[in-house]
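Coordinates in review
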Amino acid sequence: MRIVTFVKYVPDAAGDPEFLDDNTVDRESDGLLSELDEYPVELALTLAEEADDAEVIALTVGPDDAVDAVRKALQMGADSGVHIVDDAIAGSDALATAKVLAAAVKKVEEEEGPVDLILTGFASTDGNTSVVPTQVAELLGLPAATVVSAAELDGQTIKARRDGDSSSRTIEVQLPALVSVTDQTNDPRYPSFKGIMAAKKKPLEEYDLSELGLDEGEVGAAGSYTEVVEIAAAPPRQAGEIVTDEGEGGNQLVEWLASKKLV
């Protein structure tokens, strides 16, 4: 079994995001593996441990520093990595990014053999569009199970549980397939010292657009159907209202909640 898991290099949420003149995120600033992508990596490793002769490949698209996202997945236990890097990819919207990812999966199949399962996070912590997994599945002609809270393999079928507000539904999808998972799926493991050292010797391939068979006009701003036209900083947080309880605190709280239509 061959499992590909997408990993994205994103700006550190603890810092202030930086933007370029074209209103796109500065991908050269400090970043790390998207927290939401640690869950599909963990699921991939767990499923591989339960299967016979399974291989986990971590795949990312981004500038030179994006390779750090792949390295983190390798340290967690992935067997190999793929980094798609090309200056022309900068500024790609969700669909243009999906085209690159789909082409990258085809490249993996060309080099390594059929991919049985693609695992992704249900969103990225920067773009947060949640549409890329489904777009990749459509481009590859694969069934997709999205926003999955739990998944297990049963032969050539993956059973996926999707949790709603009031109920859960379990669906079955025949492999090959794509599954996007939530942060309720598992508890991602921490890279061990042994894993960190072993990752240095694991294969990591790098490809550009020409090697994927894509033209520069299919990606970047030229190949995107959407663009960010304006960026505005979030307004500063307002000071809260303090109520001194002199016997009427409860009534004042209810009146305040009612004024905000919260009760």
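My aim in this report is to walk through the structure given alongside it, one point at a time. No experiment lies behind these values; they were computed from the predicted model shown.

Points about the overall build of the protein
Along its length, the protein carries seven helices and twelve strands. Projecting the C-alpha coordinates of the protein onto the three principal axes gives extents of approximately 75 × 45 × 40 Å. Counting across all 263 residues of the protein, residues that qualify as buried make up 40%. Of the contacts formed within the protein by residues at least 6 apart in sequence, a portion of 71% connects residues at least 24 apart. For the protein, the exposed area adds up to about 15,200 Å²; of that, 47% sits on carbon and sulfur atoms. A distance of 5 Å separates the average location of the 20 positive side-chain charges in the protein from that of its 52 negative side-chain charges.

Topic: the layout of surface pockets
Gaps left between atoms show up when a probe the size of a water molecule is rolled over them. Taken as a whole, the second largest pocket encloses approximately 200 Å³ of empty space. Of the residues assigned to the lining of the second largest pocket, the class counts are six nonpolar, two polar and three charged.

Section: the nonpolar core
Of all hydrophobic cores here, the largest spans 33 residues; its most connected members are Val7, Leu47, Leu117, Leu119, Val148, Ile158 and Val179. Elements that contribute at least two residues to this core include exactly helix 1 (38-50), strand 4 (55-61), helix 2 (67-76), strand 6 (117-121), strand 7 (144-148), strand 9 (157-163) and strand 11 (177-181). Ranked by the residues each element gives to this core, the list is headed by helix 1, at seven residues. For Leu117, the residues in contact, after removing those within four places along its chain, are Arg2, Ile3, Val4, Leu47, Ile158, Leu175, Ala177 and Val179. Residues Leu59, Val100, Val105 and Leu209 belong to the second largest nonpolar core, which totals 30 residues.

Details of the pattern of salt bridges
Evaluation of the coordinates by the stated rule reveals ten salt bridges. A salt bridge links Glu111 to Lys107; its shortest N-O distance comes to 3.4 Å. Here Glu111 pairs with Lys107, and both are found in helix 3 (residues 94-112), just four residues apart, close to one helical turn. Residues Arg161 and Asp163 are paired through a salt bridge, measuring 2.8 Å at the closest nitrogen-oxygen approach.

Here we look at the sheet that holds strand 5 (residues 80-84)
As summarised here, the arrangement of the seven strands in space is 7-11-6-1-4-5-12, forming an open sheet in which the pairing is parallel. On the outer flanks of this sheet lie strand 7 and strand 12 (204-207), each paired with one strand and no other. Strand after strand, the sheet turns through a mean of 20° between neighbouring axes, direction not considered. The strands touched by helix 2 are strand 4, strand 5 and strand 12; relative to strand 5, the strand with the most contacts, the crossing angle is about 170°. Sheet contacts for helix 4 (residues 132-140): strand 1 (2-6), strand 6, strand 7 and strand 11; angle to strand 11, the most-contacted strand, approximately 180°.

A look at the sheet that holds strand 10 (residues 168-174)
Here we have three strands laid out as an open sheet, ordered 8-9-10, and antiparallel in their pairing. Sheet topology places strand 8 (150-154) and strand 10 at the edges, where each strand pairs with a single neighbour. Neighbour-to-neighbour, the strand axes of this sheet turn through a mean angle of 20°, independent of strand direction. In the sheet, strand 8 pairs with strand 9 via five bridges, with the strands oriented antiparallel. Counterpart to Ala150 in the pairing with strand 9 is Arg161.

Some remarks on the side chain of Thr120
With respect to the helices, strands and loops of the structure, Thr120 is situated in strand 6. Excluding residues that lie within four positions of it along the chain, Thr120 makes contacts with Phe6, Pro40, Pro133, Leu178, Val179, Ser180 and Val181.

Observations regarding the packing of helix 1 against helix 2
In contact at an axis separation of 10 Å, helix 1 and helix 2 are set at 35° when each is read in the N-to-C sense. For the pair helix 1 and helix 2, the sense of crossing is right-handed. On the side of helix 1, the interface is formed by Glu38, Val41, Glu42 and Leu45, while helix 2 contributes Lys72, Ala73 and Met76. Its residues assigned to classes, the contact of helix 1 with helix 2 comprises four nonpolar, no polar and three charged.

The rules we used
Residues numbered from 1 in each chain as written. Predicted model: local features only at pLDDT ≥ 70, side-chain atom pairs only at ≥ 80, totals over all residues. Heavy atoms only, no water. Helix = DSSP H or I, 4+ residues; strand = E, 2+ residues; numbered from the N terminus. Buried < 20%, exposed > 50% of the residue type's maximum accessible area, 1.4 Å probe, protein only. Contact = heavy atoms within 4.5 Å. Areas by Shrake-Rupley, 256 points an atom, 1.4 Å probe, with all protein chains shown as cover. Lys, Arg positive; Asp, Glu negative; His and termini not counted. Charge placed at Lys NZ, Arg CZ, Asp CG, Glu CD. 1 Å grid on protein atoms, 1.4 Å probe; cavity = no way out; pocket = protein on both sides within 12 Å on 5 of 7 lines; lining within 4 Å. Points joined across faces, edges and corners; volume = space filled by probe spheres on them. Nonpolar A, V, L, I, M, F, W, Y, C, P; charged D, E, K, R; others polar. Core = buried A, V, L, I, M, F, W, Y, C linked by side-chain atoms within 4.5 Å. Salt bridge = Lys/Arg side-chain N within 4 Å of Asp/Glu carboxyl O. Pairing = 2+ DSSP bridges. Axes fitted to C-alpha atoms, helices over the stretch in contact; angles between N-to-C directions. Left-handed = near helix turned anticlockwise from the far one by under 90°.

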